[in-house]
Amino acid sequence: MAESIASISIPAELQQFQKNVNNSENITPKTESPDFGVKIIKNSSGNVSHVEYYSDTGEILKKIYYECSSISNIEHYRNNRLFRQEYYKNGLLTQKITFNKCGQASHTITYLYNKKNELIAIKKLVQNRTYEVEYGYDELNRVNSRKLKLNSKILNEQNYRYDILDRVVEYNDKNQRIKVSKINNSGQLIEYSILDIAGNEISVLNKFMCSEYIGTIMDLNGHKTSVKDESYTDNVMLKKPFISEDDLDMILSHMLNNNESMTTRRNNIDITESIIKSKTETRRILPITVRKIQLFNKSVI
């Protein structure tokens, strides 16, 4: 009777020459598969407690801890020292603690959510100071406001309005208001205006020919000039806001700008004259208006 092996039938007269996998000399020694730098640690119940990750040199990189099937916290290591701890709840990051070389917490970041699991605030505790960003949302779940705080004191509040194509067409804070009148299909600004805290009214009209930028007509408090600088077709303050830890750095930047403005403050006449007389100065100030105005004007915490 023929024996089936390897998808074919072996004739009976040849079966005596068949190698038997049960022969001890043909058994391949069983080896343990490498873990590739990953160790799974289980608790007494047999469930996964945490997973450890190592570098090729055996250096611990991170540990991920679990509660049932959900991540509860993650530990990150540098040079075999605990560098950062992250805590999670319902799959959302709730707290992040960063440690210095001495093992002490250098700063702590806390994340707050609403019932829709939208991030509504980020708080950063550094020594005795708490920096905070609060977020507001519109009916389409887009960020339409940000409050920047230091120790619960509001430093600035930013508000955004969108058009039907989800583009920011209006922005305002305590230093300025920007309104967009026209945007081309490429998202470049055609016409917009700025009113700053000092009462300066700035109108920007960008000219295009066959979709190519050819120049800008600018009107500052009734004084017109023409420049050629494509940066005027964009404005950093009209970028769609996103929730990010970088917003905490914005608070620090705001503080530094205000501190500098107290020592390098100029009056509004000097500012206006410098803008009108120097095209270089104009290009430097207007494309990033709010940060430069904070430097030049009297926005003080």
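In this text, all values refer to a predicted model and were calculated from it rather than measured experimentally. (Residues numbered from 1 in each chain as written. Predicted model: local features only at pLDDT ≥ 70, side-chain atom pairs only at ≥ 80, totals over all residues. Heavy atoms only, no water.)

> I tried to follow the pattern of salt bridges on my own but got confused; where do I start?
The full count for this structure, using the stated rule, is nine salt bridges. Note that Arg-142 is salt-bridged to Asp-138, the shortest N-O span being 2.8 Å. The class for Arg-142 is buried, based on a relative accessible area of 13%. Asp-166 is the salt-bridge partner of Arg-142, the closest N and O atoms lying 2.9 Å from each other. With Arg-142 in the loop between β11 (129-137) and β12 (143-150) and Asp-166 in the loop between β13 (153-162) and β14 (168-172), the pair connects residues that are 24 residues apart, well separated along the chain. (Salt bridge = Lys/Arg side-chain N within 4 Å of Asp/Glu carboxyl O. Buried < 20%, exposed > 50% of the residue type's maximum accessible area, 1.4 Å probe, protein only. Helix = DSSP H or I, 4+ residues; strand = E, 2+ residues; numbered from the N terminus.)

> Where do I start with the side chain of Asp-173 in this structure?
Looking at the secondary structure, you find Asp-173 in the loop between β14 and β15 (176-183). Although Asp-173 lies buried, it forms no salt bridge, and the closest oppositely charged side chain, Arg-146, sits 8.5 Å away as judged by the N-O distance. Among the polar contacts listed, one links the side chain of Asp-173 to the backbone nitrogen of Asn-175, at a separation of 2.7 Å. A polar contact is formed between the side chain of Asp-173 and the backbone nitrogen of Gln-176, at a distance of 2.9 Å. (Lys, Arg positive; Asp, Glu negative; His and termini not counted. Polar contact = N/O pair within 3.5 Å; in protein donor to acceptor, adjacent residues only side chain to side chain.)

> How should the pairing of strand β19 (residues 223-227) be read in this particular structure?
The side chains of a regular strand alternate between the sheet's two faces. Where strand β18 (residues 212-220) and β19 come together, five bridges link them in antiparallel fashion. The residue bridging Leu-220 from the neighbouring strand is His-223, located in β19. (Pairing = 2+ DSSP bridges.)

> Sorry if this is basic, but what is going on with the nonpolar core here?
One recurring pattern in soluble globular proteins is that nonpolar side chains are buried together. Counting residues in hydrophobic clusters, the biggest one holds 19 residues, and the most contacted among them are Ile-178, Val-180, Tyr-192 and Leu-238. When contributions to this core are tallied by element, the ones reaching two or more residues are β13, β14, β15, β16 (189-196), β17 (201-209) and β18. What Leu-238 contacts, discounting residues up to four positions off in sequence, is Val-168, Tyr-171, Ile-178, Val-180 and Leu-189. Counting 13 residues, the second-largest nonpolar core is a separate cluster that includes Ile-109, Val-133, Leu-148 and Leu-150. (Core = buried A, V, L, I, M, F, W, Y, C linked by side-chain atoms within 4.5 Å. Contact = heavy atoms within 4.5 Å.)

> What is the right way to read the environment of Gly-222 from this model?
Here Gly-222 lies in the loop between β18 and β19. Taking the relative accessible area as the measure of exposure, Gly-222 reaches 58% and is therefore exposed. Counting along the chain gives 21 residues from Gly-222 to Glu-201, while the straight-line C-alpha distance between them is 8.2 Å.

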